[in-house]
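Each chain, letter by letter, is given below.
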Amino acid sequence: MLVQACLNGARPADFHPRLPLTAAAMAEDAARCVAAGAAELHLHPRDADGRESLGAVADTVRAVRAACPGTLIGVSTGAWIEGDPGRTRRAIESWSALPDHASVNLSEDDAPAVMEALARRGVGIEAGLATAADAERLAGLAGHGGVLRVLIEIEQQNLAAAFAAADEIARILDRHGVNKPILLHGLDAMMWPLVGRALEYRWSTRVGLEDGRQLPDGSIAADNTALVRQAAAMRNGAGTG
């Protein structure tokens, strides 16, 4: 299993003083996270005004790849970023430097077309599943969309509900024979409980300021590196190396 570092997401600049929003800041932060134990990176590139932008992907990928050679880099294709399905797909077609993979939310109407656009560019696909309906939709895609892995992305903030939602998605995937690697992660209060659940199931997981800013003891983490270091220690303590 691996620990992926999710550096920024859609968080606003005031979410945390060390939230990386420029390509240079993401590259520096990424290098520290890799040194702390992150095996992969997940980024939300930003334009010059700090807004999420698929048009900023190529420059950000170049900067981060130079700082972290050999580390797989992923980006989001969330529909809210460009706000229009056509702009999203055109942006993907225009990338002059490619990420290794990109996440696609199966809850979004245009998800199959976005997946096809990524496949045409040779970019791996992380299929984001937040609900049972998302899992059923992925299972219904021919070849299960040719995905690299499945992201079980839990938004519930109640422990029992979060665990139940993750388990239901996993059961649906198993029932339909969707045998893809799983990365389980949660948001805010559920970030660390779902890291623990992923360790229990020997799935991959992710941490970073996109998902939350607190350490397991409730204190605010100094930066992404502190979050990754904690997750790597938990992984190593669980004997998953």
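Residues numbered from 1 in each chain as written. Predicted model: local features only at pLDDT ≥ 70, side-chain atom pairs only at ≥ 80, totals over all residues. Heavy atoms only, no water.

A. Region of interest: the sheet that holds strand β4 (residues 101–105). Strands sit in the order β1-β2-β3-β4-β5-β6-β7-β8 around a closed barrel of eight strands; the barrel is parallel. Between one strand axis and the next, the sheet turns through 25° on average, direction left out of account. Of the pairings in the sheet, the one linking strand β2 (residues 40–43) to strand β3 (residues 72–76) comprises four bridges and is parallel in character. Residue pairing for β3: H42 is matched across the bridge by G74. Its contacts with the sheet place helix α5 (residues 111–121) against β4 and β5 (124–129), and it is angled at close to 170° to β4. (Pairing = 2+ DSSP bridges. Helix = DSSP H or I, 4+ residues; strand = E, 2+ residues; numbered from the N terminus. Axes fitted to C-alpha atoms, helices over the stretch in contact; angles between N-to-C directions. Contact = heavy atoms within 4.5 Å.)

B. How the structure looks around helix α6 (residues 132–140). Restricting attention to buried positions, one finds in α6 the residues A132, D134, A135, L138 and A139. Take α6 and look down its axis: the buried residues cluster within an arc of 160°, on one side only. α6 presents A133 and G140 as exposed residues on the side facing more than 90 degrees away from its buried surface. The elements touched by buried residues of α6 are α5, β5, β6 (149–154) and α7 (159–175). (Buried < 20%, exposed > 50% of the residue type's maximum accessible area, 1.4 Å probe, protein only. Arc of directions from axis to C-beta.)

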